[in-house]
Amino acid sequence: MKRILLTAAAALAVTGALAEYPEKPITIVVPFSAGGPTDKVARDFAEAVRKPLGGATIVIENVGGAGGTLGAAKVAKAAPDGYTLLLHHIGMATSPALYRNLQYKTLDDFEYLGLINEVPMTLIGKPTLPAANYAELLKWLDANKGKVNLANAGLGAASHLCGLLFQSTLKADMTTVPYKGTGPAMTDLIGGQVDIMCDQTTNTTAQIEGGKVKAYAVTTPKRLTTPALAKLPTLDESGMKGFNVSIWHGLYAPKGTPKAVLDKVNAALKTALKDADFLKREEALGAVVVSDTRTNPADHKKWVSSEIDKWGPVIKAAGQYAD
């Protein structure tokens, strides 16, 4: 009887603790440096999700390095109590192929909490490139086989992944030029040192609006509504059927986090994604807030699994690894 009472008391204590969650600050680990696109998404999301979590204090911790894998590994090993979460982008799906000695298992070591947004990408060129539209760009690429320089922000970066898929789909022979970040890559593109690049709208919209680069297409199945990008065709409609690349962000917890906590965070996530201020901020970034079933944990995990299947063969075929 005593053992039964103790067990019941312990169960009540756990239930009470879960009911009070969160009782202390929640840390969202961003596996990239402060000031970047993912960090911006995380800080805007943190402000929006704080309210439905009862005004909880949310701390952003930047743990950069190794293409986002250091921060992800930290969360995978963290206490599964709901107080350490991970906000990560498409790297959750590409790291298993890019890193042959990954320190965690993407589909096994995390609890999936829901997708947050998707950031479209644009195919852009240097300002002196003679092609005025995508059709002319294809002719120019064909006429300059073996001479075209394709810039990216480094192995595993969004621009690297998009560039890989573009080359693979087009079956084009280009010289890949990796940089240490989007900034120097964009600087050299504007200066004409490299020819083309595929990168997120968060990085390219202002350059397109300012006429500093030429824009040729977007990578999503549907055209975008952002004024500066609305006239750009999709690669799909331009002949690259099925081409679809976006840089999505999702929220994760360590494996074994109590279901009651996961349910609370997921409910708060869904409320945050309808927050008017958050929607405005994401629109300003050129991002699309997720509104479909991928905000559900099971569908989120299914989506990441499908992305792993999509990117693995592309990365392995290129033979470009980050470790």
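Bear in mind that the values here come from a model prediction, so they are computed numbers and not experimental data.

## Some thoughts on helix α9 (residues 259–272)
Residues lying three or four places apart along an α-helix face the same way, a consequence of the helix completing one turn every 3.6 residues.
Right, so step 1: With 14 residues, α9 extends 20 Å between its outermost C-alpha atoms, agreeing within 8% with the 20 Å of an ideal straight helix rising 1.5 Å per residue.
Right, so step 2: Three or more residues of α9 are buried, namely V261, L262, V265, N266, A268, L269 and A272. The buried side chains of α9 occupy one side of the element, clustering within an arc of 165 degrees when seen end-on.

## Digging into the pattern of salt bridges
Right, so step 1: Counted by the stated rule, this structure contains 13 salt bridges.
Right, so step 2: Between K126 and D195 there is a salt bridge, with the nearest N and O atoms lying 2.8 Å from each other. Note that K126 is positioned in the loop between β4 (110–125) and α5 (134–143) and D195 in the loop between α7 (182–191) and β7 (196–200), a separation of 69 residues in sequence. For the pair formed by K126 and D195, the shared burial category is buried.
Right, so step 3: When the shortest N-O distance is used, the salt bridge between K145 and D142 registers 3.3 Å.
Right, so step 4: Linked through salt bridges whose partners overlap, the residues forming this network are E118, D292 and R294.

## Here we look at the nonpolar core
Right, so step 1: Formed by 52 residues in total, the largest nonpolar core has its most connected members in F110, Y134, L137, F166 and I196.
Right, so step 2: Dropping the residues within four chain positions of it, F110 is found in contact with A72, V75, A76, L86, M92, Y104, K105, Y252, A253, P254 and K255.
Right, so step 3: Listed in part, the 31 residues of the second largest apolar core include Y21, L53, I60 and A272.

## Description of the packing of helix α4 (residues 91–98) against helix α11 (residues 297–318)
The relative placement of two packed helices comes down to the angle between their axes together with the axis-to-axis distance.
Right, so step 1: At a closest axis distance of 8 Å, the pairing of α4 and α11 adopts a crossing angle of 40 degrees. Between α4 and α11, the angle falls in the class oblique. For the element pair α4 and α11, the recorded crossing hand is right-handed. Residue-level inspection shows A93, T94, P96, A97 and L98 of α4 in contact with α11, the latter providing V304, E307, I308, W311, G312 and I315.

## Concerning the packing of helix α2 (residues 37–50) against helix α10 (residues 276–285)
Right, so step 1: Between α2 and α10, whose axes approach to 10 Å, the crossing angle comes to 165 degrees. It follows from the interaxial angle that α2 and α10 lie roughly antiparallel. The element α2 and its partner α10 pack so that their crossing is left-handed. Mapping the contact onto sequence places K40, V41, D44, F45, E47 and A48 in α2 and F278, R281, E282 and L285 in α10.
Right, so step 2: Within the contact of α2 with α10, the residues separate by chemical class into 5 nonpolar, no polar and 5 charged.

Cut-offs used in this document
- Residues numbered from 1 in each chain as written.
- Predicted model: local features only at pLDDT ≥ 70, side-chain atom pairs only at ≥ 80, totals over all residues.
- Heavy atoms only, no water.
- Helix = DSSP H or I, 4+ residues; strand = E, 2+ residues; numbered from the N terminus.
- Expected span 1.5 Å × (residues − 1).
- Buried < 20%, exposed > 50% of the residue type's maximum accessible area, 1.4 Å probe, protein only.
- Arc of directions from axis to C-beta.
- Salt bridge = Lys/Arg side-chain N within 4 Å of Asp/Glu carboxyl O.
- Core = buried A, V, L, I, M, F, W, Y, C linked by side-chain atoms within 4.5 Å.
- Contact = heavy atoms within 4.5 Å.
- Axes fitted to C-alpha atoms, helices over the stretch in contact; angles between N-to-C directions.
- Parallel < 35°, antiparallel > 145°, perpendicular 65-115°, else oblique.
- Left-handed = near helix turned anticlockwise from the far one by under 90°.
- Nonpolar A, V, L, I, M, F, W, Y, C, P; charged D, E, K, R; others polar.

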